[in-house]
Amino acid sequence: MALHSRSKRQYFLAGDTIFRQGDPGDYAYLIEEGTAQIIRTHPDGREQVLAHRSAGGIVGEMALLSSQPRTAHVRAITPCTVISIPRDDFQTRLDRADPMIKMVMQVMLARYNILVSGESTDQNAPMPDYAEAALIHHKAFDTIRITHDLKEAILNQDLRLFYQPIISLTTGKPVGFEALMRWQHPTRGLLNPVSFIPIAEDSGLIVHASRWALTESAAMLARLSDHHGLTDPWFLSLNYTGLDLSNPSFSEDVKNTLSDAQIAPERIKLEITERMLIDDPEGAIQSLERCKQTGLTVALDDFGTGYSSLSYLHRFPIDTMKIDRSFVNGMMKQDASMTLIKAIIALARGLDMDIVAEGVESGDEAAALRALGCDMAQGYHYARPMSEDDLILWLKQL
Ligand code: C2E
Ligand code: CA
Ligand code: CA
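Now for a look at the structure at hand.

Parameters and conventions
- Residues numbered from 1 in each chain as written.
- Chains lettered and ligands numbered in written order.
- Predicted model: local features only at pLDDT ≥ 70, side-chain atom pairs only at ≥ 80, totals over all residues.
- Heavy atoms only, no water.
- Buried < 20%, exposed > 50% of the residue type's maximum accessible area, 1.4 Å probe, protein only.
- Helix = DSSP H or I, 4+ residues; strand = E, 2+ residues; numbered from the N terminus.
- Pairing = 2+ DSSP bridges.
- Near = heavy atom within 4 Å.
- Polar contact = N/O pair within 3.5 Å; in protein donor to acceptor, adjacent residues only side chain to side chain.
- Areas by Shrake-Rupley, 256 points an atom, 1.4 Å probe, with all protein chains shown as cover.
- Salt bridge = Lys/Arg side-chain N within 4 Å of Asp/Glu carboxyl O.
- Donors = N, O, S within 2.8 Å, 3.2 Å for Na, K, Ca; no water.
- Phe/Tyr/Trp six-rings, centres within 6.5 Å; stacked < 30°, edge-to-face > 60°.
- Axes fitted to C-alpha atoms, helices over the stretch in contact; angles between N-to-C directions.

**A short note on the pairing of strand 4 (residues 35-41)**
Counting buried positions along strand 4 yields 5 of 7 residues, so the element is predominantly enclosed. Taken together, the 7 bridges between strand 4 and strand 5 (residues 47-54) define a ladder with antiparallel strand orientation. Looking at the pairing, Ile-38 lines up with Ala-51 of strand 5. The loop that links strand 4 with its antiparallel partner strand 5 comprises 5 residues; one of these, Gly-45, has a positive phi angle of about 90 degrees. Inspection of the sheet shows strand 4 paired to strand 7 (residues 73-76) by 4 bridges, in the antiparallel sense. Pairing of Ile-39 across the sheet is with His-73, part of strand 7.

Written as structure tokens, this is what we have:
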């Protein structure tokens, strides 16, 4: 859209505040791209999500009528491009408009003003949009707050990585670690990834978190050898989402980070899920091929859960198959789980992949997996995910 006079195009990141309740209202904002949420703080401090506005929608439109303070906060929940329209600019344009349009516009705005400010005395008047939207569940608000806090957490370095050893079933020794993210929340303590990774994905923040995780875990590998004399060439597995891989410079970025840290790309395994392969098979193949060319290896995580990509699994350059822990859990009790594990191992072998069993919690499971020809295992039977300090102690006592 071409902009005239004093209207300006502005950009907001997910979690950014576009304006605050109580601020003077001098601008309306037309959303060109992205989604924003309207939130009201009540006198008792309670916050309430009133509505969403996305591309083509408008927020803060009351400012076109009066300079009264804003009655709600507006925050971007995805990156937003907005056009700010100053009231005086709008008035000038309205004054210049065709008299009929001007009159209709003024009547509409005045009516709208009464509706949204709740001053209508007409009991049969339609429910204002805001009040209707106020019925939206608080969960939506939680998401916004977590998104906002998460952005801070990335900036303030409140994210942590825990490392869980992956053991060779042949030698019984660790061959690698999986990096698992935690969030050291200022008030809520150490949070597990299930409570924030999906929100990080939805808001796009995952890309920043993933970059941080790679830099941090590469530095950790360097510290193991440089500061602690732990020089085995263990591999490091990191979890990635479709959003990470869809960035055209993903493999190049990873390569540069590893080269800065002097870590060979062969030591890094990208864990991806079947879902990514199904969402965008062609994109995934291209991206993974580029990663393979730089020397990285690829593991298919949670294999066997939910989505089935069996028919085209052979098209993806995958080195390692990770059997989901739900099958491992049941293998000693249910014939069906055992049968599935045997089938997955045969499939992986046929496709020339090596195999990690996840969620191994007992010696019996480990022995059975070993007998079935599974290469590696990961689970509480060997070690829980742990901080870098604990990992160093664990490695030193082996
Ligand atoms: P995942 O990739 O399948 O990771 C394995 C999960 O199983 C971890 O949970 C781990 O703590 C848990 N686990 C390991 N051994 C056992 C066991 O013997 N028994 C049981 N019951 N659980 C076991 P965690 O750390 O809570 O992570 C949950 C999920 O969050 C991960 O599942 C992964 O999908 C996601 N995630 C974690 N870190 C990251 C990250 O840095 N980026 C992304 N995109 N996702 C991450
Ligand atoms: Ca994983
Ligand atoms: Ca997994």
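**A few points about the site of ligand 1**
The immediate surroundings of ligand 1 are formed by 20 residues, with Arg-182, Asp-301, Arg-325, Glu-361 and Tyr-380 found nearest. Arg-182 places a side-chain nitrogen or oxygen 2.9 Å from an oxygen atom of ligand 1. Measuring from an oxygen atom of ligand 1, one finds a side-chain N or O atom of Asp-301 at 3.0 Å. For ligand 1, whose free accessible area comes to 790 Å², the fraction covered by protein is 84%. Of all elements in the fold, only strand 10 (174-185) and strand 14 (297-303) reach the threshold of two or more residues within the shell around ligand 1. Here the shell around ligand 1 gets 4 residues from one element, more than from any other, and that element is strand 10.

**Some points on the pattern of salt bridges**
On inspection of all chains with the given rule, the structure shows 14 salt bridges. A salt bridge links Glu-388 to Arg-223, with the shortest nitrogen-to-oxygen separation between them at 2.8 Å. Linking Glu-388 in helix 14 (residues 388-396) with Arg-223 in helix 6 (residues 206-228), this pair joins segments that are 165 residues apart in sequence. With relative accessibility at 14%, the residue Glu-388 sits in the buried group.

**Overview of the coordination of the calcium ion (ligand 3)**
Protein coordination of the calcium ion (ligand 3) is provided by Asp-301 (OD), Asp-302 (OD), Glu-358 (OE) and Glu-358 (OE), with donor distances spanning 2.2 to 2.5 Å. Between consecutive donors of the calcium ion (ligand 3), the numbers of intervening residues give the motif D-D-x55-E. The distance between the calcium ion (ligand 3) and the calcium ion (ligand 2) is 3.9 Å, with Asp-301 acting as a donor to both metals.

**Examining the packing of aromatic side chains**
Here the structure, examined in full by the defined rule, presents 5 aromatic pairs. Measuring from ring centre to ring centre gives 5.9 Å for Phe-19 and Tyr-29, while their planes differ by 25 degrees; the resulting arrangement is stacked. In this pair, Phe-19 is assigned in strand 2 (residues 17-19) and Tyr-29 in strand 3 (residues 27-33), connecting sequence segments 10 residues apart. Seen in terms of ring centroids, Tyr-240 and Phe-250 are 5.1 Å apart; in terms of plane orientation they differ by 80 degrees. Their pairing is edge-to-face.

**Side note on the sheet that holds strand 4**
Spatial ordering of the open sheet is given by 2-7-4-5, a layout of 4 strands whose pairing is antiparallel. Bordering the open sheet on either side are strand 2 and strand 5, each of which pairs with just one other strand. Mean inter-strand twist for the sheet, computed between neighbouring axes without regard to direction, equals 30 degrees.

**Notes on the coordination of the calcium ion (ligand 2)**
Within the protein, the calcium ion (ligand 2) binds to Glu-178 (OE), Asn-239 (OD1), Glu-271 (OE) and Asp-301 (OD); these donor distances fall in the range 2.1 to 2.3 Å. For Glu-178, a relative accessible area of 4% translates into the label buried.

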